Amino acid sequence: MEAKTCERGRILYLAIPCYNEEEVLPETAQRLLGKMEDLMEKNRISKESRILFINDGSKDRTWELIEELHEKNPIFQGIRLSRNKGHQNALLGGLMTAKEYADMVISMDADLQDDIDVIDQFVEKYYEGCEIVYGVRSARKTDTFFKRFTAESFYRMINFMGGEVVFNHADCRLMSKRALDELENYREVNLFLRGIVPMIGFQTASVTYERQERFAGESKYPLKKMVGLAVDGITSLSIKPIRFIVFLGGLLFLCSILMLIYSLVQHYLGNTISGWTSLIVSIWAIGGLQLFAIGIIGEYIGKIYLETKARPKYIIEKVLR
Ligand code: UDP
Ligand code: MG
């Protein structure tokens, strides 16, 4: 292993997206600093390694705190997005900036719910030759039943829909510069990193850890954002929903033939008035289904619309280096 260590670049960057994280940032910075210094002492990473905070348009003192940290110790660096662009875009902004200086980049949440001791394992896997290392949550003991249930159904749903995601892996991972250069070529605007990263390929590994409780502040991922992420994940990865509609349409067509026979029989028996119920029922069923189908098709058309516009995913206002 030692021989291999010398072959690979040793500059590590941590990319930490922050949205209204003033409560956790000082503690997070201290803990990450300790971890980085420890790794530098053990000579596992280069002295040029850095901790990069991405301020995703926070409305509190997050950016001021990042500036203070940078002034005190240049190991802390910061990027400030021009406004709130969401976790996925902020993270991509950080990764694309870090890869210009780093040999490997680890992304983590600002609340350190992901155990920072996985950093050591990530780095070892990188030296063993991995281009991507996934952090996988082994247990979700501290999550509420609701969060655990929705999150796990989310992974199952995406896999069922044909997307390829690593079960219970969120955006805590190591990517080498090489993998990040490839990621840059995925030019889609509807960003779901967890679905895109596995498409890159290369040698990968998974490392498991226990997910902790957020030590301060509250979740920046309310149900609304979670559902948005799930919808984006599914519709940007797969066209199975459309196939499902086609299948449903066929099934309904078969049913309507049965209904036709049934109503003809009723007609010749002279009970036509009783057909009113089935008529009303089928009007409702078809109306509902059509609306649902149009909605899903609209979702895809909306995506085509955005892709053709090729809007920039983020705009960096300032860089602290
Ligand atoms: N985050 C972000 N922009 C947003 C929402 C969240 O950069 O619009 C960051 C947030 O600061 C944190 C990470 O995304 O570092 C994950 O958010 P959070 O911990 O609140 O999500 P949860 O762990 O509850 O799913
Ligand atoms: Mg969190």
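Here the structure is a predicted model, which means the values were calculated and not measured.

Student: Any chance you could explain the overall build of the protein here in plain terms?
Tutor: Each helix and strand in the protein was counted, giving eleven helices and eight strands. The C-alpha atoms of the protein give 25 Å as radius of gyration, which overshoots the globular expectation for 321 residues (20 Å, by more than 25%). When the backbone C-alpha atoms are referred to their principal axes, the protein occupies close to 90 × 45 × 40 Å. Across the 321 residues of the protein, 45% fall into the buried class. Pairs at least 24 residues apart make up 82% of the contacts formed inside the protein by residues separated by at least 6 positions. Accessible area for the protein stands at about 16800 Å²; split by element, carbon and sulfur atoms hold 61% of it.

Student: Mind showing me how you'd approach the nonpolar core here?
Tutor: A general trend in soluble globular proteins is that nonpolar side chains are found buried together. Formed by 40 residues in total, the largest nonpolar core has its most connected members in Leu12, Leu14, Ile16, Phe53, Ile106 and Ile119. Breaking this core down by element, the ones donating at least two residues are β1 (12-18), α2 (25-41), β2 (50-55), α3 (62-72), β4 (104-107), α5 (118-127), β6 (169-176) and β7 (204-210). Counting residues per element, this core draws most heavily on α2, which supplies seven residues. When sequence neighbours within four positions are dropped, the list of residues in contact with Ile16 reads Leu32, Ile51, Leu52, Phe53, Ile54, Met108, Asp109 and Ala110.

Student: Quick question: what am I supposed to make of the packing of aromatic side chains here?
Tutor: For any pair of aromatic rings, the description rests on two quantities: the centre-to-centre distance and the angle between the ring planes. Counted under the stated rule, the structure contains seven aromatic pairs. Pairwise contacts between aromatic rings join Phe154, Tyr155, Phe167 and Phe192 into one cluster. Taking NZ or CZ as reference, Arg31 lies 4.6 Å from the ring centre of Phe215, over its face. Between Arg321 and the ring centre of Tyr101, over which it is positioned, the NZ or CZ distance is 3.8 Å.

Student: Would you take a moment to explain the site of ligand 1 for this structure?
Tutor: Around ligand 1, a shell composed of 19 residues is seen, among which Asp56, Asp111, Gln113, Ser219 and Lys220 lie nearest. Between an oxygen atom of ligand 1 and a side-chain N or O atom of Arg211, the distance comes to 3.0 Å. Between Ser219 and ligand 1, the recorded distance is 2.5 Å, taken from a side-chain N or O atom to an oxygen atom. The protein chains hide 95% of the 530 Å² of surface that ligand 1 would expose on its own. Among the residues making up the shell around ligand 1, the classes are represented as five nonpolar, five polar and nine charged.

Student: In this structure, what is going on with the pairing of strand β3 (residues 76-81)? I would like to understand it.
Tutor: On a regular strand, each side chain points to the face opposite its neighbour's, so the side chains alternate between the two faces of the sheet. Here β3 lies mainly inside the structure; five of its six residues are buried. Direction of pairing for β2 relative to β3: parallel, over a ladder of five bridges. Paired with Ile51 across the bridge in β3 is Phe76. Taking the sense of rotation as the criterion, the β-α-β connection linking β2, α3 and β3 turns out right-handed.

Student: Would you mind showing me how to read the pattern of salt bridges here?
Tutor: One side chain can pair with another of opposite charge once the charged atoms of both are near each other. Within the structure shown, the criterion is met by 21 salt bridges. For Asp114, the salt bridge goes to Arg137, with nearest N and O atoms at 3.9 Å. With Asp114 in the loop between β4 and α5 and Arg137 in strand β5 (residues 132-139), this pair connects stretches of sequence that are 23 residues apart. For Arg137, a relative accessible area of 8% gives the class buried. Lys125 is the salt-bridge partner of Glu128, the closest N and O atoms lying 3.9 Å from each other. By sharing partners, the salt bridges in this structure join Lys35, Asp38, Lys42, Asp117 and Asp120 into a single network.

Student: Can you help me understand the coordination of the magnesium ion (ligand 2) in this one?
Tutor: In a perfect tetrahedron of four donors around a metal, the angles come out at 109.5 degrees. In a perfect octahedron of six, they are 90 or 180 degrees. Here the magnesium ion (ligand 2) is held by Asp111 (OD) and Gln113 (OE1), and the distances to it run 1.9 Å. With a relative accessible area of 10%, Gln113 lands in the buried category.

Student: Hey, could you run me through the environment of Tyr314 in this one?
Tutor: The topology assignment puts Tyr314 in the loop between α11 (275-309) and β8 (316-320). A sequence separation of 232 residues divides Tyr314 from Ser82, and the C-alpha atoms of the two residues are 7.8 Å apart. The contact partners of Tyr314, leaving out residues within four places of it in the chain, are Leu81, Asn89, Leu92, Gly93 and Met96.

Student: What is the right way to look at the confidence of the model for the protein in this model?
Tutor: Per-residue pLDDT for the protein has a mean of 86; in total, 95% of the residues score no lower than 70. Low pLDDT (under 50) marks residues 1-6, which in the prediction has seven contacts with non-local residues, meaning those over four places away or in another chain.

So, how was this worked out
Position numbers for residues count from 1 along each chain, tracking the sequence in the order it is written. The order in which chains are written sets their letters, starting at A; the order in which ligands are written sets their numbers, starting at 1. With pLDDT at 70 or above as the cut-off, local features in this predicted model cover only qualifying residues; side-chain atom pairs require 80 or more to be listed or tallied, and sums for whole chains, interfaces and linings still use all residues. Excluded from the side-chain calculations are hydrogens and water; all other atoms, namely the structure's heavy atoms, are used. Only DSSP runs of H or I covering at least 4 residues are called helices, and only runs of E covering at least 2 are called strands; the numbering of each starts at the N terminus. Atoms counted for the radius of gyration: C-alpha only. Globule rule: 2.2 Å times residue count to the power 0.38. With a 1.4 Å probe rolled over the protein chains alone, any residue whose accessible area is under 20% of its type maximum counts as buried; one over 50% counts as exposed, and the rest are partly exposed. In this description, contact between two residues means that some pair of their heavy atoms is separated by no more than 4.5 Å. Calculation of accessible area relied on Shrake-Rupley with a 1.4 Å probe; when residues are assessed, cover is drawn exclusively from the protein chains displayed. Buried Ala, Val, Leu, Ile, Met, Phe, Trp, Tyr and Cys residues form a nonpolar core when they are joined through side-chain atoms within 4.5 Å. Paired rings are identified among Phe, Tyr and Trp, the last through its six-membered ring, by centres lying within 6.5 Å, and are further divided according to the angle between planes into stacked (under 30 degrees), edge-to-face (over 60) and tilted (the rest). Placement of a positive charge over a ring is assigned whenever Lys NZ or Arg CZ falls within 6 Å of the ring centre and within 35 degrees of the normal to the ring plane. Proximity criterion: a residue is near a molecule or strand once any of its heavy atoms comes within 4 Å of it. Polar contacts, as counted here, are pairs of nitrogen or oxygen atoms within 3.5 Å of one another; within protein the pair requires one atom able to donate a hydrogen and one able to accept it, and residues that are adjacent in sequence qualify only if both atoms are side-chain atoms. Amino acids are sorted into nonpolar (Ala, Val, Leu, Ile, Met, Phe, Trp, Tyr, Cys and Pro), charged (Asp, Glu, Lys and Arg) and polar (every other residue, Gly among them). When DSSP locates at least two bridges between a pair of strands, those strands are taken to pair. Crossovers are described as right-handed under a simple rule: with the strands pointing away from the observer, the path leading from the first strand over the helix to the second runs clockwise. For this document, the term salt bridge refers to a Lys or Arg side-chain nitrogen within 4 Å of an Asp or Glu carboxyl oxygen. Coordination partners: N, O, S within 2.8 Å of the metal, 3.2 Å for Na, K and Ca; water not considered, so apparent gaps in a site are possible. Scored between 0 and 100, pLDDT is the confidence that the predictor attaches to each residue.

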